[in-house]
Amino acid sequence: GRFTRNAFCAAPVTLARQHLAQAPCSVRYFLINTGNANAGTGARGLADASHCCAELARHAGVGTQCVLPFSTGVIGEPLPTGRLIGAIPAALAALDENSWQAAAEGIMTTDTRPKGASRRIVCDGHQITLSGIAKGAGMIRPDMATMLAFIATDARVVASVLDEMLARAVADSFNCITVDGDTSTNDACMLIATGRNEAPAINDIDEPRAVMLSAALREVCIELAQGIIRDAEGATKFVTVQLSGGRDEAECRRVAYAVAESPLVKTALFASDPNWGRILAAVGRAGVEALDVTQVVIRLNETVIARDGARDPGYTEECGQQLMAGEEIVIGIDLGRGSAGTVLWTSDLSHDYVRINAEYR
């Protein structure tokens, strides 16, 4: 698993980490609730999460450490444990291998649609499946968005290799999205290997089967992560921020986030206004040491809009207006100082984003 880096992490995050550390290969159940984050609830929140895990474990006939809790919703309110515990028998009775869609719908909060992805690969003559679901639409900037993701494969994979696979996939997917720059208290992304496939076990991250499975996992995670951005609260644009020409990846990510999270850039995107000066300003304030602005090139899709520290001579406002009117936009930025690069995905900032979050409670 990968969890939020927010210091005010929710009680279920703390407990899930503890249970996972005790016996990662014995985990059998995820207990997920929406509408209440069980965050900012202190000792009572931990006790409530533990009580719910214990009740599910009792009904299922497993140890408490075999249950991992996950919550999403309003912060600072006590968890309604009675409602959760009362629903456990029916939830257990309804378990079905074909219920991914129902589960994806069940974990939604401000999402407008469920998010799911699957891939199949063939290893040594055996067909291996990966399936995942996610929720998230606001309070999105994962640091491992409010975001929960659960991905499973029927492959047999040793725990250390599975953990490394997830770390790499998350770095290229869920850690490359931002809606509003807010890291949730409850972010979690879990990867499960059931081992029910008859294909030989994967014991090394560098063996060919592991490379194939890692590639499929990365595709699933990117599809789910991009689904979160496409469903961002009030979003009308899906925006890719491509950084190139940096000295290192950290520098590129710093600039990319400065652009992707700028309220001025995001509101210009919502208005389909090619106000490229806002992009220029965000790049300039990102804290890149000794940035030579005459080497920076900025593009909208494939069209150069700025170079040599000024508007490109061939760029016109009419062209920019057409580019910004699209629902999918690529902002390309070449810093002209190295060979590093990165990619982020973000959304615009609309009236509906303000309304949804103003009325959230």
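Here's a quick rundown of the structure. (Residues numbered from 1 in each chain as written. Predicted model: local features only at pLDDT ≥ 70, side-chain atom pairs only at ≥ 80, totals over all residues. Heavy atoms only, no water.)

## Remarks on the overall build of the chain
Scanning the chain from N- to C-terminus turns up 11 helices and 14 strands. Over its C-alpha atoms the chain spans a radius of gyration of 22 Å, differing by no more than 12% from the 21 Å that the globule rule assigns to 361 residues. Here the chain holds 361 residues, and the buried ones make up 50% of them. Counting every atom, the chain has about 16,200 Å² of accessible surface; 50% of that belongs to carbon and sulfur. One finds the centroid of the 32 positive side-chain charges in the chain at a distance of 3 Å from the centroid of its 42 negative side-chain charges. (Helix = DSSP H or I, 4+ residues; strand = E, 2+ residues; numbered from the N terminus. Rg over C-alpha atoms; globule rule 2.2 N^0.38 Å. Buried < 20%, exposed > 50% of the residue type's maximum accessible area, 1.4 Å probe, protein only. Areas by Shrake-Rupley, 256 points an atom, 1.4 Å probe, with all protein chains shown as cover. Lys, Arg positive; Asp, Glu negative; His and termini not counted. Charge placed at Lys NZ, Arg CZ, Asp CG, Glu CD.)

## Re the sheet that holds strand β4 (residues 115–123)
With mixed pairing, 5 strands are arranged side by side in an open sheet as β1-β8-β6-β5-β4. Of all the strands in the sheet, just β1 (2–3) and β4 have a single pairing partner and so form its edges. Pairing between β4 and strand β5 (residues 126–135): 9 bridges, direction antiparallel. Each residue of the ladder has a partner; that of C123, found in β5, is H126. Docked against the sheet, helix α6 (residues 208–230) engages β4, β5, β6 (148–153) and β8 (188–193), running at close to 165° with respect to β4. (Pairing = 2+ DSSP bridges. Contact = heavy atoms within 4.5 Å. Axes fitted to C-alpha atoms, helices over the stretch in contact; angles between N-to-C directions.)

## Things to note about helix α1 (residues 11–22)
The terminal C-alpha atoms of α1 lie 17 Å apart, and with 12 residues this matches the ideal 16 Å at 1.5 Å per residue to within 8%. When α1 is considered as a whole, its buried residues turn out to be A11, P12, V13, L15, A16, H19 and L20. For α1, the secondary structure elements touched by its buried residues are β1, α2 (42–60), β3 (67–74) and β8. (Expected span 1.5 Å × (residues − 1).)

## Considerations on the pattern of salt bridges
Counted under the stated rule, the structure contains 17 salt bridges. R119 is the salt-bridge partner of E219, the closest N and O atoms lying 2.8 Å from each other. Judged by its relative accessible area of 24%, R119 is partly exposed. A salt bridge links E223 to R119; the shortest N-O distance between them is 2.9 Å. You can call E223 partly exposed: its relative accessible area is 35%. Each of D111, R113, K115 and D231 takes part in one network of salt bridges that share partners. (Salt bridge = Lys/Arg side-chain N within 4 Å of Asp/Glu carboxyl O.)

## Thoughts on helix α10 (residues 317–324)
Within the span of α10, buried status applies to G320, L323 and M324. Considered in projection along α10, the buried side chains sweep an arc of 90° and stay on one side of the axis. With respect to the buried face of α10, the exposed residues turned more than 90 degrees away are E318 and Q322. Packing partners of the buried residues in α10 comprise α8 (263–270), β10 (297–300), β11 (303–307) and β13 (328–334). (Arc of directions from axis to C-beta.)

## Structural notes on the sheet that holds strand β9 (residues 238–246)
What holds strands together in a sheet is hydrogen bonding between their backbones, with the strands either parallel or antiparallel. Reading across from one edge, β7-β14-β9-β13-β10-β11-β12 is the order of the 7 strands in this open sheet, with mixed pairing throughout. If you trace the sheet from one side to the other, it starts and ends with β7 (177–178) and β12 (310–311), each paired once. Examined bridge by bridge, β10 and β13 share 4 bridges and lie antiparallel to one another. Of the residues in β13, the one forming a bridge with L300 is I331. Helix-sheet contacts for helix α7 (residues 249–260) involve β7, β9, β13 and β14 (340–347), and the interaxial angle to β14 is about 25°.

## Some details on the packing of aromatic side chains
Any aromatic ring pair is given by two values, namely how distant the centres are and how the planes are angled relative to each other. Here the structure, examined in full by the defined rule, presents 3 aromatic pairs. Judged by centre distance (5.0 Å) and plane angle (80°), the rings of F70 and F150 are edge-to-face. Considered together, F70 and F150 belong to a single accessibility category, that of buried residues. Directly above the ring of F238 sits R230, whose terminal nitrogen or CZ lies 3.9 Å from the centroid. (Phe/Tyr/Trp six-rings, centres within 6.5 Å; stacked < 30°, edge-to-face > 60°. Lys NZ or Arg CZ within 6 Å of the ring centre and 35° of its normal.)

## Observations regarding the environment of L323
Of note, L323 is situated in helix α10. Sequence separation between L323 and E302 is 21 residues; the distance between their C-alpha atoms is 9.6 Å. Beyond its immediate stretch of four places on either side in the chain, L323 contacts L300, N301, T303 and I329.

## Quick notes on the side chain of S347
Relative to the elements of secondary structure, S347 occurs in strand β14. Judged by relative accessible area, S347 falls into the buried class, the value being 0%. Not counting chain neighbours up to four residues away, the residues in contact with S347 comprise T178, V179, I229, A232, A235, K237, V239 and K266.

## With respect to the environment of A47
The topology assignment puts A47 in helix α2. Measuring from C-alpha to C-alpha, the distance between A47 and A11 comes to 8.5 Å, with 36 residues separating the pair along the chain.

## Some words on unusual backbone geometry
Unlike most non-glycine residues, D124 shows phi in positive territory, near 50°. You can see D124 is positioned in the loop between β4 and β5. One non-glycine residue, N301, lies in the positive phi region at around 55°. Tracing the chain through its elements places N301 in the loop between β10 and β11.

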